[in-house]
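Results of the structural survey
Here is how the chains run, residue by residue.
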Amino acid sequence: QVQLVESGGGLVQAGGSLTLSCLVSGRPVSRHGMGWFRQPPGKEREFIATISSGGSTTYADSVKGRVTISRDYAKNTLYLQMNSLKPEDTAVYHCASSPHMTWGTRASDYDYWGQGTQVTVSS
């Protein structure tokens with residue numbers, strides 16, 4: 001059974017940094033496309049970042065240059081390093097695993113999701 005568990009969220013001031021982690025069990029992060037999405041309060045879930053099994057990455061325009069997606073094969077963990085955080089980054093952040101090796105920007109590209117971790121950025 002595939003399980004994804006996020007951690008690392010919290011309250012941070014604008015301009016600060018956070019690193020989110022997503023511990024994956026039941027599926028190697030090295031052989032599947034992985035992604036991060038977020039759901040701001042009262043809004044729909046939106047794409048943030050994705051990485052293919054080969055290491056290719058793609059980012060949403062809203063976070064490009066401020067976030068980095070990466071993996072640790074030994075820990076089977078996905079990360080999202082976020083810098084220069086803004087109040088509009090406030091959301092529940094979810095990691096997701098794809099059944100395919102390629103990256104994806106749509107929620108429908110993924111078949112397993114974590115429960116999410118709250119990130120709150122104060123002004």
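Everything in this summary refers to the structure shown in the same document. (Residues numbered from 1 in each chain as written. Predicted model: local features only at pLDDT ≥ 70, side-chain atom pairs only at ≥ 80, totals over all residues. Heavy atoms only, no water.)

Looking at the nonpolar core
Within the largest apolar cluster, 31 residues are counted, with the highest numbers of intra-cluster contacts made by Trp36, Ile69, Leu78, Leu80 and Met82. Mapped onto this core, the elements with two or more residues apiece are strand S3 (18-25), strand S4 (34-39), strand S5 (46-51), strand S7 (67-72), strand S8 (77-82), strand S9 (91-97) and strand S11 (117-122). Setting aside residues up to four positions removed in sequence, Ile69 forms contacts with Met34, Gly35, Trp36, Ala49, Thr50, Ile51, Thr57, Tyr59, Leu78, Tyr79 and Leu80. (Core = buried A, V, L, I, M, F, W, Y, C linked by side-chain atoms within 4.5 Å. Buried < 20%, exposed > 50% of the residue type's maximum accessible area, 1.4 Å probe, protein only. Helix = DSSP H or I, 4+ residues; strand = E, 2+ residues; numbered from the N terminus. Contact = heavy atoms within 4.5 Å.)

With respect to the sheet that holds strand S1 (residues 3-7)
One open sheet accounts for four strands, arranged S1-S3-S8-S7; its pairing is antiparallel. Single-partner strands in this sheet number two, and they are S1 and S7. Averaged over all adjacent pairs, the angle separating strand axes in this sheet is 15°, with direction ignored. (Pairing = 2+ DSSP bridges. Axes fitted to C-alpha atoms, helices over the stretch in contact; angles between N-to-C directions.)

Some remarks on unusual backbone geometry
One non-glycine residue, Asn76, lies in the positive phi region at around 50°. Assignment of secondary structure puts Asn76 in the loop between S7 and S8. If you check the backbone angles, Ser84 has positive phi at about 50° while not being a glycine. Checked against the element boundaries, Ser84 lands in the loop between S8 and S9. Its relative accessible area of 42% is what places Ser84 among the partly exposed residues.

Some words on the state of the cysteines
If you walk through the whole model with that rule in mind, you get one disulfide. A sulfur-sulfur distance of 2.0 Å marks the disulfide that ties Cys22 to Cys95. Here the disulfide of Cys22 and Cys95 is right-handed, its torsion about the S-S bond being about 60°. Here Cys95 lies in strand S9 and Cys22 lies in strand S3, a separation of 73 residues in the sequence. Judged on exposure class, the residue Cys22 and its partner Cys95 are both buried. (Disulfide = S-S within 2.5 Å.)

Side note on the environment of Leu20
Mapped onto the elements of the fold, Leu20 is located in strand S3. Given a relative accessible area of 0%, Leu20 falls into the buried group. Each C-alpha atom of the pair Leu20 and Ala60 lies 17 Å from the other, and the pair is 40 residues apart in sequence. Residue contacts for Leu20: discarding those within four places in its chain leaves Ser7, Gly8, Gly9, Trp36, Leu78, Tyr79, Leu80, Met82, Tyr93, Thr117 and Val119.

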